[in-house]
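Chain residues, written in single-letter form:
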Amino acid sequence: MEIKRIKLIYFSPTGTTRKILEGIAQGVGGDDVEQVDLTLPENAHQPVPVLSDELAILGAPVYGGRLPVDAIKRFKQVQGENGLVVLVVMYGNREFDDALLELKNLARELGFHPIAGGAFIGEHSFASPGIPVANGRPDSLDIQKAVKFGRKIKAKVIAVQSPNTLIDINVPGSYPYEAAGTRTIAVSPVTRQDACTLCGTCADVCPTAAISIDDGVTTEVEHCIRCCACIKSCPEEARGMENETWKQITTWLSKNCGLRKEPQLFGLDG
Ligand SMILES: Cc1cc2nc3c(=O)[nH]c(=O)nc-3n(C[C@H](O)[C@H](O)[C@H](O)COP(=O)(O)O)c2cc1C
Ligand code: SF4
Ligand code: SF4
């Protein structure tokens, strides 16, 4: 098949998923790469058609071994139209559990034919310089692997006669899903008012519009999905999680998920 355009479709609060999708697109090649960023609420309701001469690369982070609920909601707007899709989940060096299988099942529901899948590692959303979990990832080695993955995908796409002839790709995971997904713990980041300049960046990056700014920063905890985008994007380092359970979880991750994992790729053999 001939691919004229690549569409990167993603939910990526802290930007690691986006970086890997860009690396894969670089490997597939071609100048015509469109970014469809479905992270922010204002992009939540637009239909996203994928045309027959386009290759979609669909990516989301792993939350509690599953896809984030908000990513699923956003992806429901995507119309696969019998086209080819590359599936990417991004996880913070613990595990991706059922997330890639969930993404594959969702992609098929949307009308796509999955051609390949990958689980890549990104800096854990909860991590900080003091409590590191995969800090700095994806790094240059991860990006090189993403580019190489893209090259192999290109070769597979060229060899495909028609999407209907594609053999189903195998990805790990259990169905019914065993991973619990994000559990509702009523915490959200807080702002140190003495450091905050009321610049509004945190509100701009919040995927659920949970933050409002007036003479201070207010966060609606019931809307917060704990993605940590506001913490990582605050130029004054004024936002953080003060909750003790949260700190314990992050410390556990830092102690137990320190051994470097490598990207796993699926669907490229045979
Ligand atoms: C609420 C929440 C739950 C998470 N659960 C997992 C998990 O189960 N396994 C894991 O390895 N990483 C987990 N992570 C880390 C993210 O998957 C990882 O940092 C990813 O790179 C973030 O992608 P983004 O930069 O595109 O937002 C979780 C992050 C958040 C915010
Ligand atoms: S991004 Fe940081 S400095 Fe800016 S308003 Fe939010 S908390 Fe305050
Ligand atoms: S308030 Fe919650 S949902 Fe919004 S950016 Fe911060 S952590 Fe993410």
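Residues numbered from 1 in each chain as written. Chains lettered and ligands numbered in written order. Predicted model: local features only at pLDDT ≥ 70, side-chain atom pairs only at ≥ 80, totals over all residues. Heavy atoms only, no water.

I'd like a description of the overall build of the protein chain, backed by residues and values.
The secondary structure content of the protein chain amounts to 7 helices and 12 strands. Over its C-alpha trace the protein chain gives a radius of gyration of 19 Å, about what one expects of a compact globule, namely 18 Å for 270 residues. Expressed as lengths along the three principal axes of its C-alpha atoms, the size of the protein chain is roughly 60 × 40 × 35 Å. Out of the 270 residues belonging to the protein chain, those deemed buried represent 50%. Within the protein chain, counting contacts between residues at least 6 apart in sequence, those at least 24 apart form 81% of the total. (Helix = DSSP H or I, 4+ residues; strand = E, 2+ residues; numbered from the N terminus. Rg over C-alpha atoms; globule rule 2.2 N^0.38 Å. Buried < 20%, exposed > 50% of the residue type's maximum accessible area, 1.4 Å probe, protein only. Contact = heavy atoms within 4.5 Å.)

Before we move on, could you go through the pattern of salt bridges and cite the residues and values that matter?
When their charged atoms lie close together, side chains carrying opposite charge are able to pair. All told, the structure shown has 19 salt bridges when counted by the stated rule. The partner of lysine 7 in a salt bridge is glutamate 54, and the shortest N-O contact between them spans 3.3 Å. Placement of lysine 7 in strand β1 (residues 5-10) and of glutamate 54 in strand β4 (residues 54-61) is noted, with a sequence separation of 47 residues between them. The pair lysine 7 / glutamate 54 is uniform in exposure class, with both members buried. A salt bridge links glutamate 242 to lysine 247; the shortest N-O distance between them is 3.6 Å. Among the charged side chains, a salt-bridge network with shared partners connects Arg137, Asp139, Asp142, Lys145, Arg260 and Glu262. (Salt bridge = Lys/Arg side-chain N within 4 Å of Asp/Glu carboxyl O.)

Could you give an account of the site of ligand 2, naming the residues involved and the relevant values?
Looking at ligand 2, there are 13 residues lining it, with Cys196, Cys199, Gly200, Cys202 and Cys234 nearest. Partitioning the shell around ligand 2 into residue classes produces 7 nonpolar, 4 polar and 2 charged. (Near = heavy atom within 4 Å. Nonpolar A, V, L, I, M, F, W, Y, C, P; charged D, E, K, R; others polar.)

Account for the side chain of threonine 17, with residues named and values stated.
Structurally, threonine 17 can be placed in helix α1 (residues 16-28). Threonine 17 sits in the buried class, given a relative accessible area of 1%. Ignoring sequence-local partners within four residues, the contact set of threonine 17 consists of Phe11, Ser12, Gly59, Ala60, Pro61 and Met90.

Can you tell me about the packing of aromatic side chains, naming the residues and giving the values?
Two measures describe an aromatic ring pair: the distance that separates the ring centres and the angle between the ring planes. Tallied over the entire structure, the rule returns 4 aromatic pairs. A ring pair is formed by phenylalanine 120 and phenylalanine 149, whose centres lie 6.0 Å apart and whose planes are at 50°; its orientation type is tilted. Taken together, the residues phenylalanine 120 in strand β7 (residues 113-121) and phenylalanine 149 in helix α4 (residues 140-159) connect sequence positions 29 residues apart. Taking the relative accessible area as the measure of exposure, phenylalanine 120 reaches 0% and is therefore buried. (Phe/Tyr/Trp six-rings, centres within 6.5 Å; stacked < 30°, edge-to-face > 60°.)

Requested: an account of the state of the cysteines, with residues and values cited.
Counted under the stated rule, the structure contains 0 disulfides. No disulfide involves cysteine 228; its nearest neighbouring cysteine sulfur is the one of cysteine 227, lying 6.4 Å away. Note on cysteine 228: relative accessible area 3%, which makes it buried. (Disulfide = S-S within 2.5 Å.)

Would you mind going over the sheet that holds β1 in detail, with residue names and values included?
Each strand in a sheet pairs with another by means of backbone hydrogen bonds, the pair being arranged parallel or else antiparallel. Within the open sheet, the 6 strands sit side by side as β2-β1-β4-β6-β7-β12. Their pairing is mixed. One side of each edge strand has no neighbouring strand; the edge strands of this open sheet are β2 (33-37) and β12 (264-266). The average undirected angle you get between the axes of adjacent strands in this sheet is 15°. Sheet topology note: the β1/β4 ladder contains 6 bridges and is parallel. Bridge pairing in β4 links tyrosine 10 to glycine 59. The strands touched by α4 are β4, β6 (84-91), β7 and β12; relative to β7, the strand with the most contacts, the crossing angle is about 170°. (Pairing = 2+ DSSP bridges. Axes fitted to C-alpha atoms, helices over the stretch in contact; angles between N-to-C directions.)

Lay out the nonpolar core with the relevant residues and their values.
Residues Ile9, Phe75 and Val89 are the most contacted members of the largest nonpolar core, which totals 38 residues. Of all the secondary-structure elements, those providing two or more residues to this core are β4, α2 (69-75), β6, α3 (99-109) and β7. In terms of residue count, the dominant contributor to this core is α3 (6 residues). Two domains each donate at least three residues to this core, and these are domain 1 (5-177 + 262-266) and domain 2 (190-241). Residue contacts for valine 89: discarding those within four places in its chain leaves Ala60, Val62, Leu67, Phe96, Ala99, Leu100, Leu103, Gly118, Ala119 and Phe120. (Core = buried A, V, L, I, M, F, W, Y, C linked by side-chain atoms within 4.5 Å. Domains from an automatic or database assignment.)

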